[in-house]
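Coordinate analysis (summary)
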Amino acid sequence: MKAFAAIHTCLNKSRYLLIVQNQLQQRCLSSQNSVQEERTNRNSGHKPLHIPVMLQETIDNLNMKQQSTFLDLTFGAGGHTEEILKRFPCSKVYALDRDERAIEIAEELSIKYNGRIIPITGKMSEVTFLLQKMGLHGNIFDGAIIDAGCSSMQFDDGHRGFSLSKSGPLDMRMDGNRLNDNITAADVVNNLPEGDLKNIIKAYGDERNSSIIASCIVENRPIKSTNELRDVISSAFTSSMTMSHMDSIGRRRHIATKTFLALRIFVNDEMTELYQGVENVTQLLKPLVRLCVLSYHSSEDRVVIRGLRSTTQVEDDITMKIKYGNRRVWNEVKTYFPTPEEIHTNPRSRSATLRVATKS
């Protein structure tokens, strides 16, 4: 875990933002012209935007009361939040998300549930500041959830550039067009040195072929679309190797999958956001209430464990320090995994880990 933290520090996104901003002063704005088309595509058909993972286990473990005030730090399509509102008719949820589409959904559900959802636009690292702007301070919440990673509605929208199976611009920004100065995956693959690309792919994607993939990317620049990146990575391997890897339920996995994961994590600074989300929640939850965190790969889970092992400093009073020392923030952590039945009905849950922590 220490080695991973060291690598993550070396790959601090702010350092690369300076590089990219110096090289790319004019961002391609073509994707902004298709915002209306994207919304039309999103609203067509009847496929659910997102199937919440381990829904029953999560809600049951929150141990909420009828008049609870809840914090959802990764609202997404609102699956967990809506279940809370259904089960606890007198509850309300503060719904945070960095994705504009998620906030639109939160606003729609807020109307449906008579204002019991309060949408908040922003990132987990900003949650304390955003709540303070709303006049909310201290330990006010009766429970919280963090559902890490990328939602199905982001994966399934080709225009967002998250999926290697759907054609689209090489974007991968969870914030979308909300923040114009954010880097895209295209910025990363077309501008960073080969060594940095290798480190990103290895550290965040756990990809053993990171050197080969990084070299191939550099040789084939510029790369502008998801299809281009997928094909460039495929070209470095034999056809038999391209689909030779298996996922946890025996399905063939494309050789580019881990690279796409690594780029997405880097573009959105997901590890920092996840750690700061866990850290910020400690200042927002009431004592003895619970935090549920869903993670989907080993790197995320390591960050969650690290955050849940943290301690809180006692006041600066030296007498108090001698008497109490550093107190643990979380006095109990339980771990759950999806059932075989859930994995069968929702394959994207296959790698999920649910950690339930009780605040001291």
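Residues numbered from 1 in each chain as written. Predicted model: local features only at pLDDT ≥ 70, side-chain atom pairs only at ≥ 80, totals over all residues. Heavy atoms only, no water.

Thoughts on the pattern of salt bridges
In this structure the tally under the stated criterion is 15 salt bridges. Taking the shortest distance from any N to any O, the salt bridge between glutamate 82 and lysine 112 comes out at 2.9 Å. Within this pair, whereas glutamate 82 is found in helix H5 (residues 79-87), its partner lysine 112 is found in helix H6 (residues 100-112), the two being separated by 30 residues in sequence. Judged by relative accessible area, glutamate 82 falls into the buried class, the value being 16%. The partner of arginine 264 in a salt bridge is glutamate 270, with the nearest N and O atoms 2.8 Å apart. Taken as a pair, arginine 264 and glutamate 270 share a single burial class, namely buried. Look at the salt bridges and you will find they share partners, linking Asp60, Glu83 and Arg87 into a network. (Salt bridge = Lys/Arg side-chain N within 4 Å of Asp/Glu carboxyl O. Helix = DSSP H or I, 4+ residues; strand = E, 2+ residues; numbered from the N terminus. Buried < 20%, exposed > 50% of the residue type's maximum accessible area, 1.4 Å probe, protein only.)

Quick word on the pairing of strand E3 (residues 117-121)
Relative to E3, strand E2 (residues 92-97) runs parallel, the two being bridged by five bridges. Note that in E3 the partner of alanine 95 across the bridge is proline 119. Taken together, E2, H6 and E3 constitute a β-α-β crossover, and its handedness is right-handed. (Pairing = 2+ DSSP bridges. Right-handed = clockwise from strand over helix to strand, strands pointing away.)

Side note on the side chain of serine 210
Along the chain, serine 210 falls in helix H11 (residues 210-219). Leaving out residues up to four positions away in the same chain, serine 210 has contacts with Lys198, Ile201 and Lys202. (Contact = heavy atoms within 4.5 Å.)

Quick look at the pairing of E2
Along E2, five of the six residues are buried, which leaves the element largely enclosed by surrounding structure. Sheet analysis places strand E1 (residues 69-72) next to E2, joined by four bridges and oriented parallel. For aspartate 72, the partnering residue across the bridge sits in E2 and is alanine 95. Running through H5, the crossover from E1 to the neighbouring parallel element E2 is right-handed.

Let's talk about the nonpolar core
Leu73, Val188, Leu291 and Trp330 are the most contacted members of the largest nonpolar core, which totals 64 residues. With six residues, helix H14 (residues 257-267) is the single largest residue contributor to this core. Those residues within four positions of valine 188 in sequence are excluded, and the remaining contacts are Ile183, Leu197, Ile200, Arg221, Leu263, Phe266 and Val267. Judged by nonpolar contacts, the second largest core, of 28 residues, contains Ala102, Ile117, Leu294 and Leu354. (Core = buried A, V, L, I, M, F, W, Y, C linked by side-chain atoms within 4.5 Å.)

Comments concerning the sheet that holds E3
A sheet is described by the order of its strands in space; here seven strands give the open sequence E3-E2-E1-E4-E7-E11-E10, paired in mixed fashion. Only two strands of the sheet have a single neighbouring strand rather than two, namely E3 and strand E10 (330-336). When the angles between neighbouring strand axes are averaged without regard to direction, this sheet yields 15 degrees. Across six bridges, strand E4 (residues 141-147) lies against strand E7 (residues 285-295) in parallel orientation. Bridge pairing in E7 places isoleucine 145 opposite cysteine 292. Sitting on the sheet, H6 touches E2 and E3, and the angle it makes with E3 is about 160 degrees. (Axes fitted to C-alpha atoms, helices over the stretch in contact; angles between N-to-C directions.)

Some points on the packing of helix H10 (residues 194-205) against H11
At their nearest, the axes of H10 and H11 sit 8 Å apart, and the two run at 135 degrees to each other. By the angle between their axes, H10 is oblique relative to H11. The element H10 and its partner H11 pack so that their crossing is right-handed. Taking contact as the criterion, the partners of Glu194, Leu197, Lys198, Ile201 and Lys202 in H10 are, on H11, Ser210, Ser211, Ile213, Ala214, Ser215, Ile217 and Val218. Residue composition of the contact of H10 with H11, grouped by class: six nonpolar, three polar and three charged. (Parallel < 35°, antiparallel > 145°, perpendicular 65-115°, else oblique. Left-handed = near helix turned anticlockwise from the far one by under 90°. Nonpolar A, V, L, I, M, F, W, Y, C, P; charged D, E, K, R; others polar.)

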